[in-house]
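# Examining the three-dimensional arrangement
Here's the letter readout for the chains.
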Number of protein chains: 2
Amino acid sequence: MRILIDGMGGDNAPEEIVAGVIDAAKEIDEELLIIGKKEEITACLDKQGGNGKNIEVIDASMTITNDEAPVKAVRTKKDSSIVKGLNMVKNGEADVFLSAGSTGALLAGGLFILGRIQGIDRPTLATIYPVIGGQPSLLVDTGANAECKPDNLFEFATMGSIYMEKVIGRKNPTVGLVNNGTEEGKGTTLTKAAYELIEKSNLNFIGSVEARDLPDGICDVIVTDGFTGNAIIKLTEGMGLMVLREMKRRFLADTRSKLGAVLLKKQLMGIKREFNYAEYGGAPFLGVKGAMLKMHGSSDALAVKQTIIKAIPYVREKVVDTIQNSVLEIEEILISE
Amino acid sequence: MRILIDGMGGDNAPEEIVAGVIDAAKEIDEELLIIGKKEEITACLDKQGGNGKNIEVIDASMTITNDEAPVKAVRTKKDSSIVKGLNMVKNGEADVFLSAGSTGALLAGGLFILGRIQGIDRPTLATIYPVIGGQPSLLVDTGANAECKPDNLFEFATMGSIYMEKVIGRKNPTVGLVNNGTEEGKGTTLTKAAYELIEKSNLNFIGSVEARDLPDGICDVIVTDGFTGNAIIKLTEGMGLMVLREMKRRFLADTRSKLGAVLLKKQLMGIKREFNYAEYGGAPFLGVKGAMLKMHGSSDALAVKQTIIKAIPYVREKVVDTIQNSVLEIEEILISE
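So, here is what we can say about the structure in this document.

Basis of the calculations
Residues numbered from 1 in each chain as written. Chains lettered and ligands numbered in written order. Predicted model: local features only at pLDDT ≥ 70, side-chain atom pairs only at ≥ 80, totals over all residues. Heavy atoms only, no water. Pairing = 2+ DSSP bridges. Helix = DSSP H or I, 4+ residues; strand = E, 2+ residues; numbered from the N terminus. Right-handed = clockwise from strand over helix to strand, strands pointing away. Phe/Tyr/Trp six-rings, centres within 6.5 Å; stacked < 30°, edge-to-face > 60°. Buried < 20%, exposed > 50% of the residue type's maximum accessible area, 1.4 Å probe, protein only. Least-squares fit on C-alpha atoms with pLDDT ≥ 70 in both. Contact = heavy atoms within 4.5 Å. Axes fitted to C-alpha atoms, helices over the stretch in contact; angles between N-to-C directions. Parallel < 35°, antiparallel > 145°, perpendicular 65-115°, else oblique. Left-handed = near helix turned anticlockwise from the far one by under 90°. Nonpolar A, V, L, I, M, F, W, Y, C, P; charged D, E, K, R; others polar.

### So, the pairing of strand β9 (residues 204-209) of chain B
Residue and element names in this part refer to chain B. Where strand β8 (residues 174-178) meets β9, 5 bridges bridge the pair, whose relative direction is parallel. Bridge pairing in β9 places L177 opposite S208. Taking the sense of rotation as the criterion, the β-α-β connection linking β8, helix α7 (residues 189-200) and β9 turns out right-handed.

### Side note on the packing of aromatic side chains
Any two aromatic rings considered together are summarised by their centre-to-centre distance and by the angle between their planes. All names here are of chain A. As enumerated under the stated definition, the model contains 4 aromatic pairs over all chains in all. For the pair Y163 and Y314, a centre-to-centre distance of 5.3 Å together with 85° between the ring planes defines the contact as edge-to-face. Linking Y163 in helix α6 (residues 150-166) with Y314 in helix α11 (residues 301-316), this pair joins segments that are 151 residues apart in sequence. Of the residues examined, Y163 reaches a relative accessible area of 1% and is grouped as buried. Between Y195 and F205 the ring centres are 5.0 Å apart and the planes differ by 70°, which places this aromatic pair in the edge-to-face class. In this pair, Y195 is assigned in helix α7 (residues 189-200) and F205 in strand β9 (residues 204-209), connecting sequence segments 10 residues apart. Y195 gets classed as partly exposed once you look at its relative accessible area, which sits at 29%. According to the relative accessible area criterion, F205 is buried, its value standing at 17%.

### With respect to the relation of the copies chain A and chain B
When chain A is fitted onto chain B, the two copies agree to an RMSD of 0.0 Å after a turn of 180° and an axial shift of 0.0 Å. With respect to symmetry, the two chain copies, as superposed, fit the operation of a two-fold axis. Within chain A, A:G260 has its C-alpha nearest the rotation axis, a separation of 1.9 Å. Same-surface contact between copies: 100% of interface residues of chain A are shared with the interface of chain B.

### Points about the side chain of B:N152
Residues and elements named next belong to chain B. Looking at the element boundaries, N152 is found in helix α6 (residues 150-166). Look at N152 and you get buried, because its relative accessible area is 0%. When residues no more than four places from it in sequence are discounted, the contact partners of N152 are D121 and R122.

### Notes on the packing of helix α1 (residues 15-27) of chain B against helix α2 (residues 38-47) of chain B
To characterise two packed helices, one gives the angle between the axes of the helices and the distance between these axes. All names here are of chain B. Direction vectors running N to C along α1 and α2 enclose 55°, while the axes themselves pass 10 Å from each other. It follows from the interaxial angle that α1 and α2 lie oblique. Handedness of the α1/α2 crossing: right-handed. For the pair α1 and α2, the contacting residues are E15, V18 and I22 in the first and I41, C44 and L45 in the second. The class makeup of the residues in the contact of α1 with α2 is 5 nonpolar, no polar and 1 charged.

Dropping the structure here:
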């Protein structure tokens, strides 16, 4: 298996990316390829003592930044790590592409270079949703599709269930539809129609779920449009940061509190670690003809390593093929409407 | 000023409602009226020693529960505390109505009994959004309008700004539009069009805001559709509960942690109190021809007292009249489109 990592994407590139690849190389036997400015990446590898035998560097002379218009960047920067990397997946030179770079460029690249799986209207960016003290959920969609039709939400539910089962190992994952209430008749035109479609499928649908219950891990696959999904993942992140900051501020307020915080240090670090869970494992862009994972822009070496490890079952369990095979079932239900 | 409180609404009615009214009566001189089953309310007042001279009980023989279809309940239960209470506001027998009862019934009652202010297309339920360690924001809409047009979001921004300035006392409040990014060109058809409308107004518009920044109090008035607003307020609540529960679980894990938690007790209670802020102050239903405040279903005596106190500037500052007067300005901008 050849796992290709974008050495140029994210706030901490290339240092933390390279460090994460080196750490992963110590644990797994898969071939690891880093794509980016060869000189820079190689220097980084040398410095970190990472010239192990299963790390290869692929040269790409350009980078795409977060400030660039994604479509234009993908169309014009042919030798960027993102465009060249996705082309390698397309051509079978790599099995999966991982990047902490521009989300917009990755989505545009996924659509233009890999292309949609035939029968999938809208590929979805699926993000691991942290559940403190429990098993994480998968949130689909988290921003690839701000405006959705009911069919799209049904596709998200299907693709999310496949990923959750094959990659995260959740058997017969439960699916919940984000709604503004769980009572019958609640919802928008969109959620009501999506509810009916998902209900007809073979998915393990538990019905509507409220945002209040997401932090408790009420379902394995959280289905919503990309606008709401974006608000959910970002608010969760913002609340986590705010809570940690507020605890720090209060726990340093006086000597007595500081002493208490020292005694609780292990527990406080545990909470902090769990809040960071969101950054681990990456977000697959499901529904395109190739495996790709978007990492958080602020990914550190640990997040990179974790995402590399998650990429293995993504490839081995043939998630892309499984989604391809599920299209017929989706279409049967859509046509019967 | 006559402040009318629904004695029958919410999980803790009538005990906590009555307790909150008694507590408020000790602090303010306004006439307080409790509406509900007279015998029950009076017994409760007697038991709690609250037969002070500025608390009056108004009889209403029926109650509307959360399980009832709201429109039908409002149409048929004429002698319910909600229907009778809103009619008293309509007829000038009370200046403002407060209830922790069924949100659906309150919204339906507000629309049918008080009626919309002429020129306001969609009244909005505005909720105080907690900002830990800072000044709260106001979130409009939080569920009254799951599906919105751009005009509606502009109306929410206007009405929210008026309430924030007049009742919460925030001078020239900043207005932010929830969006899936702050870069130009980001957003849905709805948010893009709403952005243009709000930008043309005299409101203190700071542009798009991301959900990530809401817990930091990035703006005074948070504008969004009711579906997203509902998700935001409920997720914030769910995250707060989850964090408190997780802290408790971890801080009781072993003797050392327990000792630390004892030393931090004051600080932990402070965090807990701030998370509960959401429950204080009530949610005004803005855009109807009368003042009404929805309290959280789980309101306790403190929340009831706080909401009663917030109701005073709501009435005194003539928020309803001010919204009425703002309609011309809104219409000028909508017509110029």
